[in-house]
Amino acid sequence: MYILTRFRQMPVTLLLIAANVLVYLLTIMAGMDLWWGNGQQLLRWGANYWPLTVGRREYWRLLTSMFLHAGWWHLLTNMLGLFIAGVFLERVVRPLRFIIAYLLTGLIADYASVLFHRNMVGVGASGAIFGIYGVFFALLTTRLFPPAARHNFLGYISLFILLNLLVAGFSQDIDNAAHLTGFLCGMLTGYAFYFTLTEADGLRLPRR
């Protein structure tokens, strides 16, 4: 019962996860490799690519690429990060703000991705997910939450950022432009949200 109650408090998070998983399964059924994405196939499904997204003004790719993933591990890590953020944040900012933050930061992050990586095919929800963590980080630096909660969760998110920076340092496949842009846009969005939230909203932050 407790788990069902918690799930009802994060409908957008679960909907986004379901959409990402569904799109991944459809690409697999259409012939995509289970382990690794294929650039040409991903482009046909709407991947992000400068010559098409900007060159041909196919800006819809900024959105569709957010729901595509290059392999099951890529999908799993992104959806796990989204789920963890959603568990804590969606019930605080409510579903409408959550989906606005996700889509807004994701779109801007995907544009930064093709801007800095013009010869690469880009897919994945990580820019939007970093945006959600940016929103959370920004709100934790305000007085929205009780002091104890602020200190604890700031530590968790700081560790999340540090680990991702370390991973990025050892991998050439990490899209740092999308991650950093998403996070910074998320922070700005979080500070904007702060003025629309109340102390009661802050008290909805789960303690566990």
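Residues numbered from 1 in each chain as written. Predicted model: local features only at pLDDT ≥ 70, side-chain atom pairs only at ≥ 80, totals over all residues. Heavy atoms only, no water.

**Section: the confidence of the model for the chain**
Do not read the fine detail of predicted coordinates wherever pLDDT is low. With 91% of its residues at a pLDDT of 70 or more, the chain shows a mean pLDDT of 90. No element of the chain has a lower mean pLDDT than helix 1 (residues 2-8), at 63, and none a higher one than helix 5 (residues 61-64), at 98. (pLDDT = per-residue confidence, 0-100. Helix = DSSP H or I, 4+ residues; strand = E, 2+ residues; numbered from the N terminus.)

**As for a nonpolar patch on the surface**
There is a patch of nonpolar side chains on the surface, built from Leu34, Trp35, Trp36, Trp72, Trp73 and Leu76 and spanning about 740 Å² of accessible area. For Trp35, the location among the structural elements is in the loop between helix 2 (11-29) and helix 3 (39-45). (Patch = residues over 30% accessible without salt bridge, like charges linked within 9 Å, V, L, I, M, F, W, Y side chains within 5 Å. Areas by Shrake-Rupley, 256 points an atom, 1.4 Å probe, with all protein chains shown as cover. Salt bridge = Lys/Arg side-chain N within 4 Å of Asp/Glu carboxyl O.)

**Some remarks on the pattern of salt bridges**
Once the charged atoms of two side chains with opposite charge are near each other, the side chains can pair. All told, the structure shown has two salt bridges when counted by the stated rule. Notably, a salt bridge pairs Arg61 with Glu58, separated by 2.6 Å at the nearest N-O pair. One exposure class covers both Arg61 and Glu58, and it is buried. Residue Arg204 pairs with Asp201 through a salt bridge whose shortest N-O separation is 2.5 Å. (Buried < 20%, exposed > 50% of the residue type's maximum accessible area, 1.4 Å probe, protein only.)

**Quick look at the environment of Leu75**
With respect to the element layout, Leu75 can be found in helix 6 (residues 72-116). Sequence-wise, Leu75 and Gly124 are 49 residues apart; in three dimensions their C-alpha atoms are separated by 7.7 Å. Among all residues touching Leu75, those that are not within four sequence positions of it are Asn20, Val21, Tyr24 and His69. (Contact = heavy atoms within 4.5 Å.)

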